[in-house]
Every structure is written in C-alpha cells, then in structure tokens.
Amino acid sequence: MVVFENKAIPKLLLVCLFVQFSVSAANFFQPFNVTYDHRALIIDGKRRMLISGGIHYPRATPQMWPDLIAKSKEGGADVIESYTFWNGHEPVRGQYNFEGRFDLVKFVKLVGDNGLYFLLRIGPYVCAEWNFGGFPVWLRDIPGIEFRTDNEPFKREMQRFVTKIVDLMLEEKLFSWQGGPIILLQIENEYGNMEGSYGQKGKEYVRWAANMALGLGAGVPWVMCKQTDAPGDIIDTCNNYYCDGYKPNSPNKPTIWTENWDGWYTSWGGRLPHRPVEDLAFAVARFFQRGGSLMNYYMYFGGTNFGRTSGGPFYITSYDYDAPIDEYGLRSEPKWGHLKDLHAAIKLCERALVAADSPQYMKLGPRQEAHVYWENTQSAVLNTTLSESQSACSAFLANIDEHNTATVIFRGKSYSLPPWSVSILPDCSNVAFNTAKVGAQTSVKLVENALSPKISAPELVMTKNEVSSISESWMSVEEPIGIWSESNFTVQGLLEHLKVTKDESDYLWHMTRIYVSDDDVAFWEENKVSPTLVIDSMRDVLRIFINGELIGSVSGHWVKVLQPVQFQQGYSDLMLLSQTVGLQVGLKGEFQKIFTIEENEKAGWTNLKLDATPSTFTWYKAYFDSPDGSEPIAIDLGSMGKGQAWVNGHHIGRYWNLTAPKDGCPDSCDYRGAYGSNKCMTNCGKPTQTWYHVPRSWLQASNNLLVIFEEIGGNPFEISVKSRVPRILCAQMSESYYPPLREWLHLDLIDGKVSISDMKPQIHLQCEDGHIISSIEFASYGTPHGSCQNFSNGNCHSPNSLSVVSEACVGRNSCSVEVSNAGFGSDPCRGVLKTLAVEARCVSTSTIGVSQF
Ligand code: GAL
C-alpha cells in the first residue's frame, strides 16, 4: 500500500558574558488559569505534559517568526520559550525599543495565534551567549551599582525593567487568565551558580527577586532555574543535558526542565558541537519516564547573533546551536523528525501520565527499568485485570547500559532494548517509539551557486547559470589609522573601554605622542635592548600602530601584552599608551554610517582593482542581485579576514576567519553514554564560520548594497551569495520498524479494537515548503547497502522499488511509502528482513514551474 500525503505546494561578572502579519487583537484562547501541583502545571483545571521549544525572537527576523513557530508546532511543541533582552529593549536608559526583531508583543501574539503557549524568561540577566548577558551597558554607570546582589541601585533598575515587561504583557492581555498564551514566567537565571560568592547578600537578593516578581500581578506561576533555594511559590527548575530524577525543593512543585541543551554554542576558531538525536531523545524520554512534566529545548531554533549582539568572549555570529531548526530556519534532520516522533509518542501517553500521581517502578534488569503510569492508580495497586480494561496504561522501558542491547520481559512480553535507549509503550504493550531507532529522514543541505551570482566586477565573465549580476564593481575606502575627527578628547591616564564606547562600537582608538631623544636611542643601541610596550591585562583584540603602521596584534581574554617596539629619534605616534591619551570612539566609517543606503556615498570610494593586494582597515562595497526563489540566503565571507558586514544597512554580524583545531572530532559519533559539549565535535581543521545568514526580508530583487569593514585583509572578489536549502533527502527503515505514530491516534487504546501490530511502518519524506520532490535518485526495498548519497543495491532488491517510490513521491512536497511486501507488490526474498532505502531530490517550485507536475 502506498500512502499519499499531498501538502499544498506553495554572557563584568558575566561569565558568558510592516511586513505585516495579521495578528489578532487578543483572546487567543478562552481565558484560563494556570496553577500547579507536585505532578504538573495545571492548565485550565487539567494537568499537562508539555514540550517547549526555545526561540529567541531577536535571533530571527519578524518575517521568519511565523514559519519558525509553525515548524515548532508541527514538530510537536506545545509551548514556545524565550528570554527577554534588556539591552535590546532599553539601549538607552528610559528609551525603549520594542520594534522589529525586538517586537516582543508581536512575537508572543504570533505564538498565541498558532495555539501554542508561551514561557517568558524575563531574567533580566539571561546569559544566553548574548552581549553582557542582556544587561544594558549604561547599567555600569549607575552610582554605587553592584550587579545581581542585594544592592539598592541594581534592584531598582531590575524591578523597573521587569515591571515594564510584565505591565506590557498585561496591557496586551497576553497572560493566560486574560486569554493570552503566557502560562509561565522566569525571574533571574541560574543565580544558584553565583549565589555563594555573594554570601548573605545573595540570599537576600534571591528572596527579594522572588517577592518582587510575585508582587507584579502577572497571575501565572514563576520559575527560577538552577535555584535550589527558590522561595515559597517559585518553582525551582533544572538546566542540564539530562534532568531525569530532578526533584524540586518542595513536594508540592512539579518537575520542570527549563533548558535541555540539545547542542552548544561555538567560539571563533572553535569546532562545531553536535549532540546526537538518539541521546537527546533518550534524555527527554527519561525525563518524562521519571516524573518530569515540562521540558524546554535550549534551543529549538538558535538563529543568528545579528549586529554586535553576540556575547563573549569570542562567540561567533551563528547561534545555530545544532538545534532541530537550523540557523536559516530549515529543519535539521534527522533531529527535527526524530524528536517529532518522540513528542507524538509522549503525547500518546499523556492521559496516563497526567492521571497518575507517581509512576509504578519496576526493575527489569541490572541496568534496565520500567516506569508504568496508570490512569487509575488504585487498579495499579491491585494490579487486577479489570484495571486494564478501565484505565489507560502507558509505560517507559529504559536500558541505561551504554554498551549492550538488553532483552527484557515486561508484563509477560519480551522487548529488545538497544543500549542507552527508552522504548515508549503508550498502551503498556506495543512499542510506539524507541529513542535509539531513528526513522526520520536525513537531509543534505546544499548551497547552490547556480541560483545566485558570484559577486564580481562587471568585467568578469558570468557563467550562464548566474541569473543575476552585480551592478557595480567592488569599491574600497581606507579607514584612517588613529584619531579621525573633532569629537575625540584627551584625558590623563587610561580609561576603560566600555566606559568610553558605551558599547556603541567595537572600536576605540587610544593615541599618544612619545618623544624619543638621541640619548634614548644611544642607550638602546649600547645595551642592545629595545623598548617593550607592556599592558598588564587586556581583552579581546588589540592592534598596535606606530606612526600609522601596524606593528602587532594581540587577542585573548584578559591577557598580558608584551610588544617589542622600535622608535626613531623624535616624535612617534603610538596608539594606546602614555601620559596623555587621546581617545576616540569608533571608526570614521561607522560614524558616517557608510554602510547605509542613504549615507554610503559620503565616503571617498574608489574602484578596487582585481589584483589589489589585501589591505588592512579597509571598507569595501559592492551591489548584488538577490538569488531567485524563497530559499534562505547565505553570504560566503571565507575569503575575508576579520571585520563586520552590512547588507542594505542591516548589520549581519561580525565575521572572523579562524580555523578550528585539526584534532578532536571523532570519525563517527557514538550516541551512547553521557553527552558533554566536547563529545561529538565536527568541523575540525576548517574555518569555524564562513557562511553568514542574510535574511530574505533584508534584500530587494536587485542592487543590494553590501558593505564590509575588513581589519586584517581579505579578498572581496571571492565573496559569493548563495541560497541554501536541503536538496537531498534520504530515509532508511526496516519492515520491523514501528507503525507510524499517527496511526495510534485512530486507535481506541482502552478497547483495543484495532490492533497496532497489524499496521506497517512507513518511510516519510518531506521537502521544505515551496519545494517538491523532483526525482528519486535511489530506491531499494530489499537489503540495500551504504548510507545517504552512497546507497547501493544488495543481494535482495525488489524490481518495483524505484517505480513505487517515484509514483508515491515525485511532484509532491511530502510523501509516505509503506515498508512492506504488500507495498512493493511481492516479497523479493522470503525469510530475510527487508529494508527500504530512498534518496530523493527536492527542487524549488519557482525554478521549475509547478505546471509540469
Ligand atoms: C546556561 C544559561 C543559558 C545559556 C546556556 C549555554 O547555563 O542559562 O543562558 O548561556 O547555559 O548555552
């Protein structure tokens, strides 16, 4: 049988450190109350098991939000979670910004529009690899301020911001009891990690923060994460790779996992972390198995640190996080799909999970255990046959052995459990899902040259596939070295960077003039010594110039600088140090805003020659046409050194071409055993980031202004703009796999009239929206060999394989194919366990013309 599914085509103490949418006026839901008991949040009178997906709204554009929320919902999320970003919302004290990427109200409303709940983690210290963990830089200038402790000036500012946010949500009627989506709030963030260092004042602060939050009249429960002494009504929650077995500090509070780290962040010159989905699914299943009730993926979509929002030290512009939805808003497979199946399986158990006050525990082996949830606990105690016909029963069978498969007997039936896995039995009998058996498709994302122009001078020959061209050659203008305008100033002594820049720029020029006498030179020569510039401690990057010439560069986090310098007799200009220091915030080009469409002409641009030698401290500009289609756009800055880039005035982020260490990436990643961020690294020996996301909504069809500020030298002629989309999908499943989870929904689990065991597994393929399957590159039902992009037929192969799969899939956005003899007409090899392997190609409907299909 072939099943068709036709979709419409269409973190300073800080450690880490009108596209218009039709947003309805409120009342996304009938007003409902949120309370809790020891087992779960109680939403509108009912306990709920909730899956939540973290999406930080400013790490995407408002135009991306609807799709991200839809994909989260489709992936099985009930809740969307985000921090708030104080320095984004109040860049200048008292001047608020809730526009564009910071339009929190719009974001929360969109979530509500989609029928999803919202978990708002206000902080306002949030860490999050976000600049200063979210604290506005002006906070430092408040007299007598001490952050995150029992300090009046700090508490006043914190209370003001938290109140602002809560009041805004109240005004917009976004809390559940107002008919809005917000069901849960967070105050502070992982303060438990710091509390000890503040002594008694830390304890006072925790009490104050809790009371302050509770006094704001938000009317929904509050959480504090990693805060074992969370007072009174505040629920203390877990953040970790695993949170099964976590117990809040009161038997009246539910077990909530606010951060399930499904990947990790990256630094310039670092490897890329990867958390295998089998382990992630295991962690989630174990959490619900052992009494957990709400789990939030940190992140479900990580996104991009646009502009200068990335925290430090040295966090890269991409915040992909190896999340289920990648930086570009595309599903990351098989992570997204496998978790979708997991969520569906957990949902099938919800009735029993919420009904039971606690699970029945059964030891199944030395490292194997079951937790059984009965709708009617009374009958579980009696363990009568009667209970089985009257109660829903769901079970989780875990094998926590890291190495071996275990065969266990549960309620008279035998189950094979792969190592480090959980099987979910929504009816306490049939396995709907095992965390280690991935049935989801994998996708290979290709960046396609063919759809986009290489940015180049007009005299370069374009290849015929390049559909659009650049309207102007590259132009450049040099950034003056040192002080450049009248707005500079002089002081005695040195000032600290942020005090001067107020974080308006990454750059701060220090300049002084040094006089070297004949005697000095004679002394150096006689003693065969040369002067050394010593800076006791500095971060993050320092460049040292003498008389306009770069003589040294240092980068690091609080490192000592020892730079030998050579002076001629007479006056020398030294940028950085001496008795009199002249200071200047920022670069001239920044000050003139030469990256904007309106102001770029202000700079004295000159044409850049193709053979120009790479120069330091240079601005470059060029124009390019958008690649056709609706696919996400990436710009390859791999040929550049270090700097920042803007497209049509939008700051796409910092770039830095640093390469990850050659070693430390395993050949293959073993999902088994406890995960840590260093476990399954990828990208060894390659630049950490070369692709930078340019959101579609920042582009126009043609003449897009690209401006780059380059510090150390690069070749702009090799910059290219490409579109990015999964072109190749692969899936592989054996006939012994589980029937599709959606089939369970049609079953009456109590009466058991329909037998799930009669149903067959199905392979499911799905292109991104706006794409369809154009061809099946490989299909074999039998005993195929190899892996994605490398499949080959085995000894057993059904001759109908290609035609059956093609017929079901080609021309469609998504399709399902049953993995059974019946599906392929006959049994190609009796007595042999058969597998279906498929490789499909997706194309954009806009490039092929839908009419062909
Ligand atoms: C947590 C923190 C998050 C984020 C995460 C690492 O400890 O609460 O904000 O920084 O670590 O990605």
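Conventions we followed
Residues numbered from 1 in each chain as written. Predicted model: local features only at pLDDT ≥ 70, side-chain atom pairs only at ≥ 80, totals over all residues. Heavy atoms only, no water. UniProt positions renumbered as here; feature names shortened; annotations may be inferred. Pairing = 2+ DSSP bridges. Helix = DSSP H or I, 4+ residues; strand = E, 2+ residues; numbered from the N terminus. Axes fitted to C-alpha atoms, helices over the stretch in contact; angles between N-to-C directions. Near = heavy atom within 4 Å. Polar contact = N/O pair within 3.5 Å; in protein donor to acceptor, adjacent residues only side chain to side chain. Areas by Shrake-Rupley, 256 points an atom, 1.4 Å probe, with all protein chains shown as cover. Expected span 1.5 Å × (residues − 1). Buried < 20%, exposed > 50% of the residue type's maximum accessible area, 1.4 Å probe, protein only. Contact = heavy atoms within 4.5 Å. Salt bridge = Lys/Arg side-chain N within 4 Å of Asp/Glu carboxyl O. Disulfide = S-S within 2.5 Å. Core = buried A, V, L, I, M, F, W, Y, C linked by side-chain atoms within 4.5 Å.

Per an unreviewed UniProt entry, the chain carries the name Beta-galactosidase and comes from Gossypium hirsutum. UniProt's Catalytic activity (unreviewed entry) comment on the chain is quoted here verbatim: "Hydrolysis of terminal non-reducing beta-D-galactose residues in beta-D-galactosides." The heading Sequence similarities (unreviewed entry) in the UniProt record of the chain holds the text "Belongs to the glycosyl hydrolase 35 family."

1. Concerning the sheet that holds strand β2 (residues 34-36)
Spatially, the three strands line up as an open sheet ordered β2-β3-β4, and their pairing is antiparallel. Either end of the sheet is taken by a strand with one partner, and the two such strands are β2 and β4 (46-48). Averaged over all pairs of adjacent strands, the angle between their axes in this sheet comes to 45°, without regard to strand direction. Examined bridge by bridge, strand β3 (residues 41-43) and β4 share three bridges and lie antiparallel to one another. Within β4, the residue paired with L41 across the bridge is R48.

2. Observations concerning the site of the ligand
Around the ligand, 16 residues are found, and the nearest of them are Y83, A128, E129, E190 and Y321. Between E129 and the ligand, the recorded distance is 2.6 Å, taken from a side-chain N or O atom to an oxygen atom. Y321 is positioned with one of its side-chain polar atoms (N or O) 2.5 Å from an oxygen atom of the ligand. Here the ligand loses 94% of its free accessible area of 310 Å² to cover by the protein chains.

3. Some thoughts on helix α6 (residues 199-214)
The terminal C-alpha atoms of α6 lie 23 Å apart, and with 16 residues this matches the ideal 22 Å at 1.5 Å per residue to within 8%. Within α6, the full set of buried residues consists of G202, Y205, V206, W208, A209, A210, M212 and A213. Here the buried face of α6 lies against α4 (152-171), β8 (182-187), α5 (192-195) and β9 (222-225).

4. Side note on the pattern of salt bridges
Evaluated as defined, the whole model comprises 43 salt bridges. Ionic pairing is found between E190 and K226, a salt bridge with its closest N-O pair at 3.8 Å. Taken as a pair, E190 in the loop between β8 and α5 and K226 in the loop between β9 and β10 (235-240) lie far apart in primary sequence, 36 residues in all. A relative accessible area of 14% means that E190 is categorised as buried. Between K642 and E711 there is a salt bridge, and its shortest N-O distance comes to 2.9 Å.

5. Observations regarding the state of the cysteines
Applying the stated rule across the entire model yields eight disulfides. What pairs with C665 in a disulfide is C684, and their sulfur atoms sit 1.9 Å apart. Disulfide C665 to C684: torsion about the S-S bond roughly 90°, handedness right-handed. Linking C665 in the loop between β32 (650-656) and β33 (691-694) with C684 in the loop between β32 and β33, this pair joins segments that are 19 residues apart in sequence.

6. A few points about the nonpolar core
In this structure, L41, M169, I183, I187, W222, L342 and I424 are the most contacted members of the largest nonpolar core, which totals 140 residues. The element contributing the most residues to this core is helix α7 (residues 277-289), with nine residues. When residues no more than four places from it in sequence are discounted, the contact partners of I187 are G123, M158, V162, A209, M212, A213, W222, V223, M224 and I234. L729, M733, Y737 and A840 belong to the second-largest nonpolar core, a separate cluster that totals 38 residues.

7. So, the pairing of strand β16 (residues 406-410)
Note on strand geometry: in a regular strand, side chains alternate between the two faces of the sheet. Residues of β16 alternate between two faces, with A406, V408 and F410 buried on one and T407 and I409 left unburied on the opposite face. From the end of β16 to the start of strand β17 (residues 413-417), which pair antiparallel, there are two residues, and R411 there has a positive phi angle of about 45°.

8. Some remarks on the sheet that holds strand β12 (residues 294-301)
Strand order in the closed barrel formed by eight strands is β5-β6-β7-β8-β9-β10-β11-β12, with parallel pairing between adjacent strands. Between one strand axis and the next, the sheet turns by 30° as a mean value, whatever way the strands run. Pairing between strand β6 (residues 79-83) and strand β7 (residues 117-123): five bridges, direction parallel. Considered in β7, the bridge of E81 is made with L119. Along the sheet, helix α3 (residues 104-113) makes contact with β5 (50-55), β6, β7 and β8, crossing β7 at roughly 150°. Strands β5 and β12 of the sheet are contacted by helix α8 (residues 335-348), whose axis makes an angle of about 165° with β12.

9. A closer look at the environment of W222
Considering the arrangement of structural elements, one finds W222 in strand β9. Sequence separation between W222 and D236 is 14 residues; the distance between their C-alpha atoms is 9.0 Å. Look past the residues within four positions of W222 in its chain and what remains in contact with it is I122, V162, V166, L185, Q186, I187, A213, L214, L216, D233, I234 and I235.

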